Amino acid sequence: MPTELGVSRLRAPALVAGILAVIIAVVAGLTIGPAGIAAPRVLMELANLLPGIAVESGLSDAHKAIVTDIRLPRVVLGLLVGATLAMSGATYQAAFRNPLADPYLLGIAAGAGLGATIAIVNDIGDGAGVFDLVPLAAFGGALGAVTVAYLAGHIGGRSTASLILAGIAVASFLAACQTYLLQANADAFRQILAWLLGRIATSGWSEPALLLPYFVVTTAVVLRYRRALDVLAVGDEEAAALGLEPRRIRLIVLIAASLGAAAAVSVSGLISFVGIIVPHAIRLIFGSSNRVLLPLSVLFGGAFLVLADLTARTVLSPAELPIGVVTAFLGAPFFVFVLRTSRREIW
Amino acid sequence: MTAAVDLQSLDVRLNGTHVLGGVNLAVSHGQWVNIIGPNGAGKTTLLRAVLGLVAYDGDISIEGLTKLRRAERARKVAYVPQTPVIPRGMLVADYVLLGRTPHRSIFAGETSADREIAADVLERLDLVGFGDRAVQSLSGGERQRTVLARALVQQADILLLDEPTTALDLGHQQDVLDLVDALRRERGLTVIATLHDLTLAARYGDQVAILAGGVIAQRGTPDEVLTVANIAEHFDAQVRVIDDPEGPVIVPTATTTSDATKAAPANGGTAQNGDHS
């Protein structure tokens, strides 16, 4: 009997590390803030949310409201957005076999930006009552941009390079449109800039509820294809010789990842860095296999963004930093640290 | 008995250029045929057609079947490309196990049987202990054996090798081809290989086929095919062929005028050079 092969798979220590990261981020996100609520009481109050459990946390009604109505939705939104962006980024990198691919590669950022700008400029976000139309406009813009990029890239010869170039062309065009609108509507400039820099602000559960179905679908599809993405790493030709249909697989995972990224962007604006840095840090620590990388991206991406949001709302409290500033400010040094200490070759 | 691979009037156009125009080639079970031919003759295209990677006219039948789905084909035909894509950071164990892909659903993980097959092949190819190393960290010879291991793990009866010795020094060239020969005998593999080195093509395998002008121009034993006249005609090369007990040795002669005259084929006066555009 030959010795057992050391195959890459998600092993317990990595999974436990990811779950711990999420727990730490959630507890920190719920307890740290100007109201100064003790962690054990927060945890008891959280337990109360579970069916069939009733414990006395000793929190005042105001504090209860801060924990369950203000901080909890925000933490959940951070988890969902971070998880979706990191997983989408890892998927784009695998599908394009390109370490620099991020979820915004095919024009999602530019499309969402233009959509949001149009909505803000036309002021349709205000006075619309229950629905804020900015996320919807951003979502539509993002999906429209990816669709056009995909169709244009398909015409250009079906190679991944032509698809990326089409994405760049579409993004440039949409960015030009957006700049024109900005110039023509200088009064909306601050509002648009604030949207572009991203934030995990939520009033209640509408944003997390909006994102949740997309998160579930994206995660389900992408995780299901994690092994196929490992085969795609040897290139389309060899993957086809191994019996797969690389183009079909790429189309499916890109649709799923783009849908998730577009939904995340529509509720949180353009948060840079998460889609690139989190997957690469995971590769450096736990290895490159998508079987390991994709599930861990969900956990670490979510935890990372919750902690970034915590930083964004506490360092200049009561003012808030745009979260994109924090992801880059924390993420870049951390990544350099991992890069220096890891002995793995990832690309 | 049906041939392992049977190509009938195979036509392939790439970007409007006729690369293959009526290739007929039948390779029987357990046979090793080396395909030689000048650059651009379409040797790789021929292998890619057998793999179903290019559109073609004509018939390709694999173990008697002409209509094969991708995965079915991959269970019958394994491929070692000339320049395999080596994914950065992928471990040898993971890479070799990719060969099990056609044997299971793309959503399913590998079974313990898959891992045993891979471990067996690694042992056979002297790669024990390499499983947790990154493929790109291996030397050229180790890497070539790793790619071969992935193809063997596919457990296909037909093995296509595209210039398997290109990046290797002489010793490693011999190692790889000796290994293929031994495996062919152990497992009854059918081998179709493209080779640049004509002497190696004569040493290994049963038959040599010259692909030139989009067709199989010559096919037979090395002694029949690797003649001064054939090589002058199809490769536009001046060579001497030295008889050796193990097969013809092809030696290029210097291309000064006097040498060219000396090496001019005695029986190849009508040979048309440069017919391979």
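Not measured: the values here are computed from a predicted model. (Residues numbered from 1 in each chain as written. Chains lettered and ligands numbered in written order. Predicted model: local features only at pLDDT ≥ 70, side-chain atom pairs only at ≥ 80, totals over all residues.)

It is worth spelling out the overall build of chain B at this point. A tally of regular secondary structure across chain B gives 10 helices and 11 strands. Relative to the compact-globule value of 19 Å for 277 residues, chain B shows a C-alpha radius of gyration of 20 Å, a close match. Across its three principal axes, chain B shows a C-alpha extent of roughly 65 × 40 × 35 Å. Out of the 277 residues belonging to chain B, those deemed buried represent 45%. In chain B, the proportion of contacts linking residues at least 24 apart, taken out of those at least 6 apart, comes to 67%. (Helix = DSSP H or I, 4+ residues; strand = E, 2+ residues; numbered from the N terminus. Rg over C-alpha atoms; globule rule 2.2 N^0.38 Å. Buried ≥ 20, exposed ≤ 12 C-beta atoms within 10 Å, placed from the backbone. Contact = placed C-beta atoms within 7 Å.)

This part covers the confidence of the model for chain B. A residue-level look at chain B finds 91% of positions with pLDDT of 70 or above and a mean pLDDT of 89. With pLDDT under 50 throughout, residues 259-277 of chain B is counted as low confidence; its partners more than four residues away or in other chains account for 35 contacts. (pLDDT = per-residue confidence, 0-100.)

Helix-helix packing is characterised by the crossing angle of the two axes and by the distance between the axes. Residue and element names in this part refer to chain A. Here helix α3 (residues 61-96) crosses helix α12 (residues 274-286) at 75°, and the two axes come no closer than 7 Å. By the criterion of interaxial angle, the relationship of α3 to α12 is roughly perpendicular. Contact residues: Gly-82, Leu-85, Ala-86, Ser-88, Gly-89, Ala-90 and Gln-93 in α3; Val-274, Gly-275, Ile-276, Val-278 and Pro-279 in α12. (Axes fitted to C-alpha atoms, helices over the stretch in contact; angles between N-to-C directions. Parallel < 35°, antiparallel > 145°, perpendicular 65-115°, else oblique.)

For an α-helix, the turn length of 3.6 residues means that residues three or four places apart are oriented alike. Residues and elements named next belong to chain B. The terminal C-alpha atoms of helix α4 (residues 112-124) lie 18 Å apart, and with 13 residues this matches the ideal 18 Å at 1.5 Å per residue to within 8%. Buried within α4 we find Asp-114, Arg-115, Ile-117, Ala-118, Ala-119, Val-121 and Leu-122. Check the buried side of α4 and you find it contacts α3 (92-97) and α5 (140-153). One or two residues past the end of α4 sits Asp-126, with phi positive at roughly 60°. (Expected span 1.5 Å × (residues − 1).)

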